[in-house]
Amino acid sequence: NKIKAASKEAKEFEKTIRPSQELLKQIGTTMTAAGVVVVGSLTAMAKSAANYGSELNKASQRTGATVQELARLKFAAEQNDATFDDLTRAMQGLARNTDEVSKGTKGQVKLFKDLGVQVQDSSGKIRPLNNILLDVADKFAKMEDGAEKAALAQEIFGKSGTALIPLLSQGSAGIQRMGDQAARLGLEIGDNAAKAGEEFNDTLDEVGKSLQGVANT
């Protein structure tokens, strides 16, 4: 039944967050030794981790970027005062424009050519969005802030592009460093963990609705 399914998926999902759990236990032990009382709920932590994975998985589906890339970019964007929604919308805008390049749409072809960013590889296939974004960032890092830069950000990424200007101005090296920091903090996850998080949440929702149905009968 659904409750048994939820229990099974919870156990599977626990495997994906076990390293983080161990780290938190170590931190908790250290803080307790220092006289700080640490109160936490493993269930709440699992739910939070599931929400994180689900959010990344949905964003991956919307943008075409990988979960791992988005996890790194999410941290980097938030470090530069942009929200994950800003990032997701901007990546969607970038995806639309690169698709137009592959179709030969003159405006988008000229946009990236003038910027000096290669959208397609030697076989004509669109390069990974993350790689294109990093190349764009290197161009933005050399530009002065102002109306021209803001307008270009909107042309490339859509309306949310301006929110990414502080991030893009870090250049590819700066973004990579922040991504590496995300990995060290345990925030970089893969497709399997993200999908497990979404499935875990979906099952909990189903169980909740089933229990509500029972209560209403």
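Residues numbered from 1 in each chain as written. Predicted model: local features only at pLDDT ≥ 70, side-chain atom pairs only at ≥ 80, totals over all residues. Heavy atoms only, no water.

Trainee: I keep staring at the overall build of the protein chain and nothing clicks. Help me out?
Mentor: Of the regular secondary structure elements, the protein chain holds 10 helices and 0 strands. Along the protein chain, helices and strands appear, N-terminal first, in the series α-α-α-α-α-α-α-α-α-α. For the protein chain, with 217 residues in total, the buried portion stands at 39%. In the protein chain, the share of contacts with a sequence separation of at least 24, taken over all contacts with a separation of at least 6, comes to 65%. (Helix = DSSP H or I, 4+ residues; strand = E, 2+ residues; numbered from the N terminus. Buried < 20%, exposed > 50% of the residue type's maximum accessible area, 1.4 Å probe, protein only. Contact = heavy atoms within 4.5 Å.)

Trainee: I tried to follow helix H3 (residues 67–79) on my own but got confused; where do I start?
Mentor: Between its first and last C-alpha, H3 extends 18 Å over 13 residues, near the 18 Å set by a 1.5 Å rise per residue. The buried count for H3 comes to 10 of 13 residues, which makes it a mostly enclosed element. Buried within H3 we find Val 67, Glu 69, Leu 70, Ala 71, Arg 72, Leu 73, Lys 74, Phe 75, Ala 76 and Ala 77. At the C-terminal side of H3, Asp 81 shows a positive phi close to 65°. (Expected span 1.5 Å × (residues − 1).)

Trainee: Even after reading the chapter, I still don't get the nonpolar core, so can you show me in this structure?
Mentor: Nonpolar side chains in soluble globular proteins tend to end up buried together. Core analysis: the largest hydrophobic core is formed by 42 residues, its most contacted members being Leu 94, Phe 112, Leu 133 and Ile 156. Mapped by element, the contributors of at least two residues to this core are helix H2 (42–63), H3, helix H4 (84–102), helix H5 (106–115), helix H6 (129–141), helix H7 (147–157), helix H8 (165–168) and helix H9 (171–184). Once residues within four sequence positions are removed from consideration, Leu 94 is found in contact with Phe 112, Leu 129, Ile 132, Leu 133, Ile 156 and Phe 157. (Core = buried A, V, L, I, M, F, W, Y, C linked by side-chain atoms within 4.5 Å.)

Trainee: Even after reading the chapter, I still don't get unusual backbone geometry, so can you show me in this structure?
Mentor: Both trends apply: most residues other than glycine have a negative phi, and most peptide bonds are in trans. We note that Asp 81 has phi near 65°; this positive angle belongs to a residue other than glycine. When you line up the elements, Asp 81 lands in the loop between H3 and H4. Asp 81 sits in the exposed class, given a relative accessible area of 75%.

Trainee: What is the right way to read the pattern of salt bridges from this model?
Mentor: For side chains bearing opposite charge, pairing can occur when the charged atoms are close. Applying the stated rule across the entire model yields 10 salt bridges. A salt bridge links Glu 78 to Lys 74; its shortest N-O distance comes to 2.9 Å. Placement of both Glu 78 and Lys 74 in helix H3 is noted, with a separation of 4 residues, approximately one turn of the helix. Of the residues examined, Glu 78 reaches a relative accessible area of 37% and is grouped as partly exposed. Lys 103 is the partner of Asp 99 in a salt bridge, and the nearest nitrogen-oxygen pair spans 3.2 Å. Exposure remark for Asp 99: the relative accessible area of 32% places this residue in the partly exposed category. The exposure class assigned to Lys 103 is exposed, which follows from its relative accessible area of 59%. (Salt bridge = Lys/Arg side-chain N within 4 Å of Asp/Glu carboxyl O.)

Trainee: What should I look at first to understand the packing of aromatic side chains in this one?
Mentor: Each aromatic ring pair is described using two quantities: the centre-to-centre distance and the angle formed by the ring planes. All chains considered together, the criterion is met by 0 aromatic pairs. One residue, Lys 74, lies across the ring of Phe 84, its end atom 5.5 Å from the ring centre. (Phe/Tyr/Trp six-rings, centres within 6.5 Å; stacked < 30°, edge-to-face > 60°. Lys NZ or Arg CZ within 6 Å of the ring centre and 35° of its normal.)

Trainee: Help me out: how do you make sense of the side chain of Arg 72 in this one?
Mentor: As for its placement among the helices and strands, Arg 72 is situated in helix H3. Excluding residues that lie within four positions of it along the chain, Arg 72 makes contacts with Gln 176, Gly 179, Asp 180, Ala 182, Ala 183 and Glu 188.

Trainee: Would you mind going over the environment of Ala 183 with me for this structure?
Mentor: By the element assignment, Ala 183 lies in helix H9. You can call Ala 183 partly exposed: its relative accessible area is 30%. Separated by 108 residues in sequence, Ala 183 and Phe 75 have C-alpha atoms that sit 9.6 Å apart. Other than its neighbours up to four places away in sequence, Ala 183 contacts Arg 72 and Glu 188.

Trainee: Looking at this model, I keep getting lost on the side chain of Thr 63. Mind explaining?
Mentor: Mapped onto the elements of the fold, Thr 63 is located in helix H2. You can call Thr 63 buried: its relative accessible area is 6%. At 3.1 Å, the side chain of Thr 63 forms a polar contact with the backbone nitrogen of Ala 65. The residues contacting Thr 63, other than those within four sequence positions of it, are Leu 70, Thr 88, Met 91, Gln 92, Ala 95 and Leu 129. (Polar contact = N/O pair within 3.5 Å; in protein donor to acceptor, adjacent residues only side chain to side chain.)

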